[in-house]
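Topology and contacts: notes
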Amino acid sequence: MDLKIQFYLFAQLFSPYYRQVIKTLFMHKLLKTGLLVVVLLIFNGCEEIEIPEQENFKIEFGSECGWCAGQEFIAVTNSNIEYIRNIPCGDEKGTKKRERKITTQEWGEIQSSFDYSQFKTLQFNSCNVCVDGCDEIIKITKNDSIYKISYSSAEEVEETKKLRQILNKIMEEMREMD
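Residues numbered from 1 in each chain as written. Predicted model: local features only at pLDDT ≥ 70, side-chain atom pairs only at ≥ 80, totals over all residues. Heavy atoms only, no water.

Concerning the sheet that holds strand β5 (residues 134-142)
- Spatial strand order, β4-β3-β2-β1-β5-β6: six strands in an open sheet with antiparallel pairing. This sheet does not close on itself; its edge strands, each paired only once, are β4 (94-101) and β6 (145-151). Mean inter-strand twist for the sheet, computed between neighbouring axes without regard to direction, equals 10°.
- Sheet topology places strand β3 (residues 80-87) next to β4; eight bridges connect them, and they run antiparallel. Residue pairing in the sheet places isoleucine 87 in a bridge with glycine 94 of β4.
- Running over the sheet, helix α5 (residues 161-176) touches β1 (57-65), β2 (70-76), β3, β4, β5 and β6 and is turned about 110° from β2. (Pairing = 2+ DSSP bridges. Helix = DSSP H or I, 4+ residues; strand = E, 2+ residues; numbered from the N terminus. Axes fitted to C-alpha atoms, helices over the stretch in contact; angles between N-to-C directions. Contact = heavy atoms within 4.5 Å.)

Right, dumping it as structure tokens:
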């Protein structure tokens, strides 16, 4: 190429118009590159937070009595509490049902109050109801596994003491709901 043509092209390249074009193109590329870097930093900087999977329990707690005393139970899951009282005969004959949502705090307290593996080792299988007495019952369903203990309410089952206290408190609240 001739030196005059090269000089002409060089002069055109650095004329104010072309300098503005080059500057604009450079700024757009810089802006896009900067934006890409910021987006990558944001996504790279985010920590993946693992939410522990809640154990899938259903806990049924209550009493069953012979004669005309009937049954009173609560069924507790990670989402709600259901109360059922069934009197089969007499002046108070009938069934009462109540339901409410359970709070995350309540469910956490219930879960931390017992060890399911230890619960499955308990050997309580009384049948006071068979002779018109009363049995207190705790039945826990975890996934497809069901384990139930039955005992006299006067009997102290140390391994379930904290769980029983929490469930008795909930039972009392549900009993008094209108």
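A closer look at the pairing of β3
- As judged from the six bridges shared by β2 and β3, these two strands associate in the antiparallel manner. Counterpart to alanine 75 in the pairing with β3 is glutamate 82.
- What sits between β2 and β3 in their antiparallel hairpin is a turn of three residues.
- Hairpin connection from β3 to β4: six residues lie between these consecutive antiparallel strands, with glycine 90 at a positive phi of about 95°.

Points about the side chain of serine 113
- Inspection of the secondary structure puts serine 113 in the loop between α3 (104-112) and α4 (116-119).
- The class of serine 113 is buried, set by a relative accessible area of 8%.
- Serine 113 has contacts with Lys162, Leu163 and Ile166, leaving out every residue within four places of it along the chain. (Buried < 20%, exposed > 50% of the residue type's maximum accessible area, 1.4 Å probe, protein only.)

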